[in-house]
Structure formats: structure tokens, C-alpha cells
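Structural overview for review
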Number of protein chains: 2
Amino acid sequence: MEKKLERIKAAELQDRVVTAQEAAAWIQDGMTLGLSGFTRAGDVKAVPYALVERAETESFKVNVFTGASLGSDIDRLFAEAGIVNKRLPFQAEPAMRKAINAGEMYFVDHHLSHTAEWIRSGVIEPIDFAIVEALSITEDGMIIPTTSVGNSSVFVKHAKNIIVEINAAQPELFEGIHDIYDTGKQGERDPIPLTSVDQRIGTKGIPVDMDRVRGIVFTHQEDSPSNIVAPDAETKIMADHLLNFFRSEIEAGRLTETLAPLQSGIGSVANAVLHGMIDSEFKNLEVYSEVLQDAVFDLIDAGKVDFASCCSITLSEPKMKQVFSDFDQYRDKIIMRPQEISNHPEVVRRLGLISINTALEFDMYGNVNSTHVSGTKMMNGIGGSGDFARNARLAIFVTKSTAKDGKISSVVPFASHIDHTEHDVDVVVTEQGYADLRGLAPRQRVEAIIENCVHPDYRPQMREYYEEALTRGGQTPHVLEKAFSWHESLAKNGTMLVKKEQLV
Amino acid sequence: MEKKLERIKAAELQDRVVTAQEAAAWIQDGMTLGLSGFTRAGDVKAVPYALVERAETESFKVNVFTGASLGSDIDRLFAEAGIVNKRLPFQAEPAMRKAINAGEMYFVDHHLSHTAEWIRSGVIEPIDFAIVEALSITEDGMIIPTTSVGNSSVFVKHAKNIIVEINAAQPELFEGIHDIYDTGKQGERDPIPLTSVDQRIGTKGIPVDMDRVRGIVFTHQEDSPSNIVAPDAETKIMADHLLNFFRSEIEAGRLTETLAPLQSGIGSVANAVLHGMIDSEFKNLEVYSEVLQDAVFDLIDAGKVDFASCCSITLSEPKMKQVFSDFDQYRDKIIMRPQEISNHPEVVRRLGLISINTALEFDMYGNVNSTHVSGTKMMNGIGGSGDFARNARLAIFVTKSTAKDGKISSVVPFASHIDHTEHDVDVVVTEQGYADLRGLAPRQRVEAIIENCVHPDYRPQMREYYEEALTRGGQTPHVLEKAFSWHESLAKNGTMLVKKEQLV
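The model shown is predicted, which means the values in this text are computed figures rather than measured ones.

Reading the values: rules and limits
- Residues numbered from 1 in each chain as written.
- Chains lettered and ligands numbered in written order.
- Predicted model: local features only at pLDDT ≥ 70, side-chain atom pairs only at ≥ 80, totals over all residues.
- Heavy atoms only, no water.
- Helix = DSSP H or I, 4+ residues; strand = E, 2+ residues; numbered from the N terminus.
- Rg over C-alpha atoms; globule rule 2.2 N^0.38 Å.
- Buried < 20%, exposed > 50% of the residue type's maximum accessible area, 1.4 Å probe, protein only.
- Contact = heavy atoms within 4.5 Å.
- Axes fitted to C-alpha atoms, helices over the stretch in contact; angles between N-to-C directions.
- Parallel < 35°, antiparallel > 145°, perpendicular 65-115°, else oblique.
- Left-handed = near helix turned anticlockwise from the far one by under 90°.
- Nonpolar A, V, L, I, M, F, W, Y, C, P; charged D, E, K, R; others polar.
- Pairing = 2+ DSSP bridges.
- pLDDT = per-residue confidence, 0-100.
- Buried area = accessible area lost by both parts, 1.4 Å probe.
- Salt bridge = Lys/Arg side-chain N within 4 Å of Asp/Glu carboxyl O.
- Polar contact = N/O pair within 3.5 Å; in protein donor to acceptor, adjacent residues only side chain to side chain.
- UniProt positions renumbered as here; feature names shortened; annotations may be inferred.
- Least-squares fit on C-alpha atoms with pLDDT ≥ 70 in both.
- Phe/Tyr/Trp six-rings, centres within 6.5 Å; stacked < 30°, edge-to-face > 60°.

Secondary structure assignment for chain A yields 17 helices and 27 strands. For 504 residues, the compact-globule estimate of 2.2 N^0.38 gives 23 Å, and the C-alpha radius of gyration of chain A, at 23 Å, lies within 12% of that figure. Taken over the C-alpha atoms alone, chain A extends approximately 80 × 50 × 45 Å along its principal axes. Looking at chain A residue by residue over its 504 residues, the buried ones come to 66%. In chain A, 74% of the contacts between residues at least 6 apart in sequence involve partners at least 24 apart.

Right, let's talk about the packing of helix α8 (residues 233–251) of chain A against helix α9 (residues 268–275) of chain A for a bit. Residue and element names in this part refer to chain A. For the pair α8 and α9, interaxial distance at closest approach is 8 Å and the crossing angle is 55°. The pairing of α8 with α9 is recorded here as oblique in orientation. Along this stretch, α8 crosses α9, giving a crossing that reads as right-handed. Contact with α8, carried on its side by T235, M238, A239 and L242, involves V269, A272 and V273 of α9 and no other residues of that element. Classifying every residue of the contact of α8 with α9 by side-chain character gives six nonpolar, one polar and no charged.

The next thing to look at is the sheet that holds strand β2 (residues 62–65) of chain B. Residues and elements named next belong to chain B. What the seven strands build is an open sheet, ordered β4-β3-β2-β1-β5-β8-β10; its pairing is parallel. In this open sheet, the two edge strands, each paired with only one partner strand, are β4 (106–107) and β10 (213–219). Relative to strand β8 (residues 161–167), helix α3 (residues 46–54) is tilted by about 115°, and along the sheet it contacts β1 (32–35), β2, β5 (129–134), β8 and β10.

Of note, the bond from A:L88 into A:P89 is cis; its omega dihedral lies within 30 degrees of zero at 0°. Position of A:P89 among the secondary structure elements: in the loop between β3 (84–88) and α5 (94–101). Its identity is not glycine, yet A:K404 carries a phi of approximately 50°, on the positive side. Unlike most non-glycine residues, B:D73 shows phi in positive territory, near 65°. B:D73 gets classed as partly exposed once you look at its relative accessible area, which sits at 42%.

Let us now look at the sheet that holds strand β19 (residues 368–369) of chain B. Within a sheet, each strand pairs with its neighbour through backbone hydrogen bonds, oriented either parallel or antiparallel. All names here are of chain B. Here three strands make up an open sheet; going across it, the order is β19-β18-β25 and the pairing mixed. A strand with exactly one partner marks an edge of an open sheet, and here the two such strands are β19 and β25 (411–412). As paired strands, strand β18 (residues 361–363) and β25 are joined by two bridges and run parallel to one another. The residue bridging D363 from the neighbouring strand is V412, located in β25.

All names here are of chain A. Buried residues of helix α17 (residues 485–493): W486, H487, E488, S489 and L490, and no others. As for α17, its buried residues are in contact with β18 (361–363), β24 (408–409), β25 (411–412) and α16 (459–472). Looking one or two residues beyond α17, the residue adopting positive phi is G494, at roughly 80°.

Taken across its seven residues, strand β8 (residues 161–167) of chain A has seven buried, putting it largely inside the fold. Of the two faces of β8(A), the one carrying A:N161, A:I163, A:E165 and A:N167 and the one carrying A:I162, A:V164 and A:I166 are both buried.

Moving on: the confidence of the model for chain A. Confidence in the prediction for chain A averages 96 pLDDT; 99% of positions are at 70 or higher. As a predicted assembly, this complex carries a pTM of 0.97 together with an ipTM value of 0.97.

It is worth spelling out the interface of chain B and chain A at this point. Between chain B and chain A, the contact holds 79 residues from the first and 79 residues from the second. When the two sides are added together, the surface that chain B and chain A hide from each other amounts to roughly 6,300 Å², 52% of it contributed by carbon and sulfur. At the junction of chain B with chain A, the criterion picks out six salt bridges. The closest approach of N and O atoms between B:R349 and A:E117, which form a salt bridge, is 2.9 Å. Put simply, chain B and chain A have 50 residue pairs in polar contact (both at pLDDT 80 or more) between them. For the side of chain B that touches chain A, the residue count by class is 25 nonpolar, 32 polar and 22 charged.

Glancing now at the environment of B:V296. All names here are of chain B. By secondary structure assignment, the location of V296 is in helix α10 (residues 294–301). Judged by relative accessible area, which is 2%, V296 ranks as buried. Considered as a pair, V296 and V208 are 88 residues apart in the sequence and their alpha carbons are 32 Å apart. In contact with V296, not counting residues within four places along its chain, are L274, V287 and A308.

Next up on the list: the UniProt feature "domain: Acetyl-CoA hydrolase/transferase C-terminal" (unreviewed entry) in chain A. Per the UniProt annotation, the sites labelled "domain: Acetyl-CoA hydrolase/transferase C-terminal" (unreviewed entry) are residues 324–465 of chain A. Split by type, residues 324–465 of chain A is 25% helix and 25% strand. Its first and last C-alpha atoms lie 52 Å apart.

All names here are of chain A. Following the sequence through the fold, S224 ends up in the loop between β10 (213–219) and α8. Here S224 is in contact with R40, G71, S72 and M320, once residues within four sequence places are set aside. For S224, the side chain forms a polar contact with the main-chain nitrogen of S72, separated by 2.5 Å.

Attention now moves to the relation of the copies chain B and chain A. For the pair chain B and chain A, the relating rotation is 180°, the translation along its axis is 0.0 Å, and the fit reaches an RMSD of 0.0 Å. In the structure described here, the two chain copies are related by an operation that fits a two-fold rotation axis. Proximity to the rotation axis, assessed at the C-alpha, singles out B:E346 in chain B; its C-alpha lies 2.2 Å from the axis. Both copies share a contact surface, since 100% of the interface residues of chain B are interface residues in chain A too.

Next up on the list: the packing of aromatic side chains. This structure, assessed with the given rule, holds 24 aromatic pairs over all chains. Relative to B:F414, the ring of A:F414 lies with its centre 6.3 Å away and its plane at 85°, an arrangement referred to as edge-to-face. With one member in each of two chains, A:F414 in the loop between β25 and β26 (427–430) and B:F414 in the loop between β25 and β26 (427–430) form a pair that bridges those chains. The two residues A:F414 and B:F414 agree in class, both being buried. An aromatic cluster is built from A:F174, A:F297, A:F324, A:F327 and A:Y330, whose rings are joined through pairwise contacts.

Below you can see the structure in the form of C-alpha cells.
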């Protein structure tokens, strides 16, 4: 215990140590919790488990606000225990997804840079308990976060009560990589002074009003590793297409070999695309993103990436072992910020990011669906893709042209849900090629997308739809009664593919 | 002529005076023009007319980039002459609309704050001729704009050649109200230093490289007046609903009587809604918008608005007479900026604007269509609505609940085109009431929208659609094969209204 207490350097907080069960007992039915955690990294673990235990004998519901998705099975346990009323701004867990799609809990699918504004201005439920993971608490009462910052700083600032989980399993060398900045209220704030990826603008920890620290819990549990899969043949081809696009931008004088700060969304495809840069000619790259996945560390190791800014680090099990055990060599190349800053439109536009995110499907005019399977069933959420795409220098979306052994075309006549409109999508990439949509009118975009992105199996029926749409005219020709016919076919026949003989 | 030459204070430019016909003769087939003009204000007039004349005997096409819509019949004349290859970023003219929807010209429907980035970074065709209207040219060669700034400063900076139209019919007292600021390139720029609506951050005119000034044309023609219609009973009710929403925000402690800087889109409905504030208790208001319409000057006259920032002033004929003849009393209450700054996400989010824009239709989940009639035919364009809605403190969309004598419901099951996604729409207002969608999950939004915004005639069939959708489940329940059935009914039967007996 003595040794543990060394992590609480603020003497007046040392008597607030409680068990997770004691802390969980303070949480009442109807309360709103602000939990640390961003894509499986830096989530609180012990108090959520204790809360789930309580649900075995008690009936209650709480609102759960986080940075993004939680690891450590927490979203699954929460969903299975049925204790969540409202969840925001992001999740990525199959059991929770099921509960959301069954209408058993409310899910507010929210831009990750915006939740802080809602909390600060009192638009959503006030936070009763901020529960955040820490490496330690400094003498002056600053919370040093662990492997993510997420929304923790805004939760701590605005919560009525604060519970800190000090996790001794997290890498102590992370102390010093965080940079906590509070924008202040809208209408009263100064410009965010950030003008380069490696610039520090804040404090190394989260300032805390110590009176509101209700309890401190000690834990010892590693983050859940990421579940990305390794690059495959198709994602490697997609990476090549993207690199060729960058080369054409350099040839046109719009980029140089150092490109521009890169943002890459979570997931296997985006990771694979970044990974594709290792053997490229590009160099002295910078990353300004939310989550750093394996590929960024591979790029640092390869001497390709000079600096990376993030709000979370989520790695596979072997990569986590390597990076965390040898973190000294990465420390001066990484800054971790609140998600409001890592995703802030002001900074995204100023720095001129190259933003690479995964699409679930996109349509022939370039509208992108990031969230809903066949327009209705939530997958994960929009995450930061809108924060970045809307303001980036280059908004790039990547996806394989088909899914489920070719039964689903990821390029459709009309996206069944739209998260990124035609106005905000610059380049789309599949394993077939890339379409640069910038400056093109809708009818020009269709040609570029059919020729370069649609799988050859689906090109004839896409052409047929478009030819019929053209007979109706318009800036954006459509046959509304057939706009979702591919999705209908999938539901009825198990495939979007119309038999060739049906196409005349 | 001597008197006219006084307007060209830079002596070395005085010998560049030419006729509009001489200037128009320089323009070659395939060139790209950057014209001043934003919602009928401050457009160049003589050279475009002369260009249209040339089309009587010559065959050519040009790309026409502007601030926003042109007045002075120019978009009509251009469209009828068939001389436009590509038009961006906005238009609002029936003949041009027809040509666009017939596929006779390309229209790139672009966020108004983004075109400057495309020009600066060379994404779209380089500007061969910037042709901009001016009050005068200063001794050091700055162009003093007239009733709009729009994209003129970025056109002038990046064009190969510059033609200036000095228009003696424009109000000379406008000199001094402009504030020209250039952000510089992405990745190399500083924060935009603007932290208050009335702050000046730039120069009073557009700095010019005099070597590139190819010609100066003298003109004398007033702007086209705006064609907004006066508030009617329904828009007055909508204004009341909106004011009641503001009152509830004050009660919740999220706003004060001075509200927050207001942005209001172009058009009769938005104008009427602003107009509704004249007899309200709100005071010391500020406006940070693109276009100032009549209502803003009425609000200044009524002592309600203290300051207004804009990139254009577009008034009705009587209001233009009054304001321009008596401009001294408004001069210290107005700043006119480039549209990149008036609409910049960085500034919009920092100041925390209340953004009020008109929807063409929206769906039961809050996705907004601002541009396409029945998903296919372009109306005007997205304009600045996306610049503002995406980053505002409050993104509000207003529309009457029905159109065409009730044959069209403006609220539909699935928006036939989506310009603003569910993630970016906070409040929707019709004459039926308002729905505050913030923090609501999709199923909660449906309830709020049906109860508060849908016309009673359409509520039963909306309920029926939603009930069927619920049987399919999902985060965002839909019946995809019926998602556009209302639009199909309109096309077939001339009305979206299903007969009551058809609803079981």
C-alpha cells in the first residue's frame, strides 16, 4: 500500500483510497457517468466491473459517456447487464451493437470533437461521476492520464464528483507525453495556438479541483489489445493506389515528399494503408490523428514518421509489448491530446491534414456511409471521421469494393445512410483504383467512380442504373424507386448482384 | 473621363482604361474566370455583358467561378448563351438551373468557405482572368470592393490577369467597411486572430500586383435588388417558435438575452425569422453572417443589433435606397470580409454562432436536404449552410412543413438528398413548432419531429411508415423499399398525401 500511495503525490488525497466496490456503490440509478477510454485504450476498468456486479442484485440504469469505444469487455458487460440508458459518442462492441439495434438502449452517434462542447455548455446531461484512469496524481493535484486522453479532461472539469483509477499496469514512461488544453467557452475563447504537429500548448496532466475527488481506486490491468487484422493482398493494393494518388499530387505541385500531416481512422484497412508507406519514397512524415495504431510505430521504427500527435494509442498485443517496454525511444516523438484538440476543425483545417478513413459504403456520387448496415443497423459510429473529412486538405475514404464474397457491393447507386456528403468527400479508394472527385460535377463523379472504384462484376448494373437515371435528368440523376434496389436485393436474395441475363 | 480617372489613384494604372468590349475580347475559349459577386451584390456587369455579346457571333466556353450567385441577369445570359462549361460554387437563377439540370453545363456545388482553398492550392483550374468590381483603386494599388467581397481577394491574388470594373453607381461610403485577410497556405498559416464580431484583422482593400492588372473598365449600374418576399403569417409563426426556443435556452442557462452571434441564410424564410426579433426582448445582438438582408438593417434601426459582420449586402429595392443614401449611420456597425473568413469553421466554432438556414426538406431523423428537388433537380446549391451548420453552437434549419398547397410535405421519411447529416442538425423549425434534436438518439428524434414539425395532414402516414420501420429494427429504422414512396407518389399522383382510407 505504501508503494501504491507514492502514486498519489498530493498528500491531501491519500486518504481517499477506496475499493472499486465502495466507489461503485455511490452511483445511483439515473446518473450520468463520464468514463475515460478511447478505442480500447486508457479505459477505467475496476469501477465499471464493480458496477456490473451490482447489477446482479439491483436494477438501475445510467448514461455512459466516454471518449470513444471501451475495451476490457466493459461495453459488452454493460450491454448484457442492461444498465445503460444512453451511450455516447461511440462504441464498437457486438453485444452493445445488438442492444442498440434492438432499441434497448439509446445511442447518440456524435462527432468526437463535439461532445466536449455539449458538456461545457450544458446541452446534455451533466456528469455526476467522472471516472478516469491515471498513472498518478501530481503534488498539485493533476491527474496524469494513461494510454488515452479522450474526453477525460472535460469530464473531470465539469463533473460533480471524480473517481480516479490509478492503474499500475500502465507504462509509467507515458508521464510527460500528454498535453492538456481547455478551449474555454464558445464566444469567450482565444484561437487554439497550435500551428505544428509537435507543439505543446497545455499542461502535462489534467488539473483537478481536489474537493471533488470522491475516491481513488488502485488497479493493475493492461489495456485490451487492438483487434486489427494484418494487411492482406487487397489492402496492399489499396495502399498502392493511394500512394499513386499522392505521387500524382506531388507531380501537380500540390504536395511534396513529406506530404502533409496524416490522419488515419481506426480499423484494419486504414492501418494497412498507412503500413503501405513503409517501403515508399515518402519521408519525414507527420501524423496528426486520434488513435495511433501499429502502423504508426512501424513507420517511426522505419524512420518514416518524425512525429505523431494523437489522443490515444491502441496496439496489437505484440506491438504493445514492444512499444511499452521500450517507450523511451518514442517519448520525444509523441504528444497525446484531448480528443477535442486532436480532432478540432480549427486545427485540422489550419494544418491541412490528409485524412484517411474507412467507408462502409459510398454511392456513385461520392456520398459516404460510415455507420449503418443497409441504412438501419448501427455498426460502430461516425467517430472522428466527420471532424476530419469536413475540414481536411484531402478527405479520403477507403473500402474494399465488395464484401461478403462479392455479395455486397460497397459502391451503390444511393448510400443507404449518409454520414459524409458529396461536398465533403475528395477521393475514394478501393482495390480497383481511386477516383479524385475534387472539382467534379455529379455526372463527372459517376464516370470516375464507375471506371475506377466499382468492382467489375457490378459495373454493368451500375451503368444500367445510371443510364436510366440519365433519362430522368437533373444535376444528380436518380431513379428514386430503384435507388435502394441493390439493398433490397441483398435482403431478399442474399446478394446485390443481379444476374447478367437480367441486364438487357 | 478626368473625373472618372480620380477613382484610379495609382497613377501607373491610369493608362489601362479600356472598354468592356476590349476587355471581353481577351477572354479565350477554355479559360477560367473568377468573377466578383455574392448573392446579387458587387458582381461585375459590363465585361460579362460584352462576353455574352461576343457569343452571338463566336462559339466558346469558359469556366465561371464566383463568390456566390450573380445578379444583373448575368447567370441567365450566360446560361442562355451556352458559354459556361463549369460553374461554381453557387447559383440561384432559373435559366441556369434549367441548363444544369439538363446536363448542359457542369455545376460544382461547393461549400462557400472552401473554394478559396481550392484556388490557393491549385486543385481546380487556375484563374486566367479575375474580373472584380471596385469603388476605386488606391495609390498603393489596393482594390476597394463594392457591396460584396466574396472570393474577389483570392481571385485577384491568384489570377494570371486582372480586370477591374470601377462602378460609379455603387455607394462611395462603402470605402472603409471592408476587411481583407488572407489565411495563407494550409500547413503554413497562423491562427485567424478574430475573436469578436467587430474586430478588424486585415486591410481596407485587396492588395494587387499591379503588373497583372490588364485593364480597367468604367461602369455605372446599380446591383440587382434582392427578390425576397415579405414575412407572411406562417413565417411569423416560425419566428415565434424560434424565439421560444431561444427563451428556453435562456431559462436553461445556456444563452443570455444577447444570445450569440447570429448567422442567417439567404432567402425569405430566414429573413422573416430574423425580422421576428424586432419586437422581442432580445437585445445587443450581433450578426456574423455571409449576406446581410433587409432584416439586419431593420434590426439595426430598431436598436436591436449592435454590429454585423458579412461578406455581402443584398437588399430589396426600397431598403437599398434607404440604406445606401444614409450609409453614414451604418458605417461603424458593419464589417465586410472575404467569404472564406465570414464562413470559416475556425471562426464559426470559436464565436459559437447561432446558425439559421433554410431546408428544402428534412427527414424524420433530422437529415437535411438543402439543394435537390426530389433528390435529382438542383435548386440553388448548399451555399454557406454547411460551413455554418457543421461548426455552429446551434445549427438550426427552418422550413414550412408543406409546400405546393400541401401537396408536398417538407418532412419526409428519408431525405431524397442529404446535405447536412443527422450529426450536424441541432434544431428543426416549421410553422408547427420546433424539435430540439441535441443529444437524442434517432428513435427519440422521430418522436420529437413527428409531434412538433410534421404537418397534421402528414402525421398519420409518417407514423405508419415509422411503425412499419420499427418492425425491422435498427438504430435508424427504415423500410428501404418505401423510403422514397412519398416522392414517388408526388411524381405519379401530384401529391405526397396518401388518401386517409389507404392508411389502415
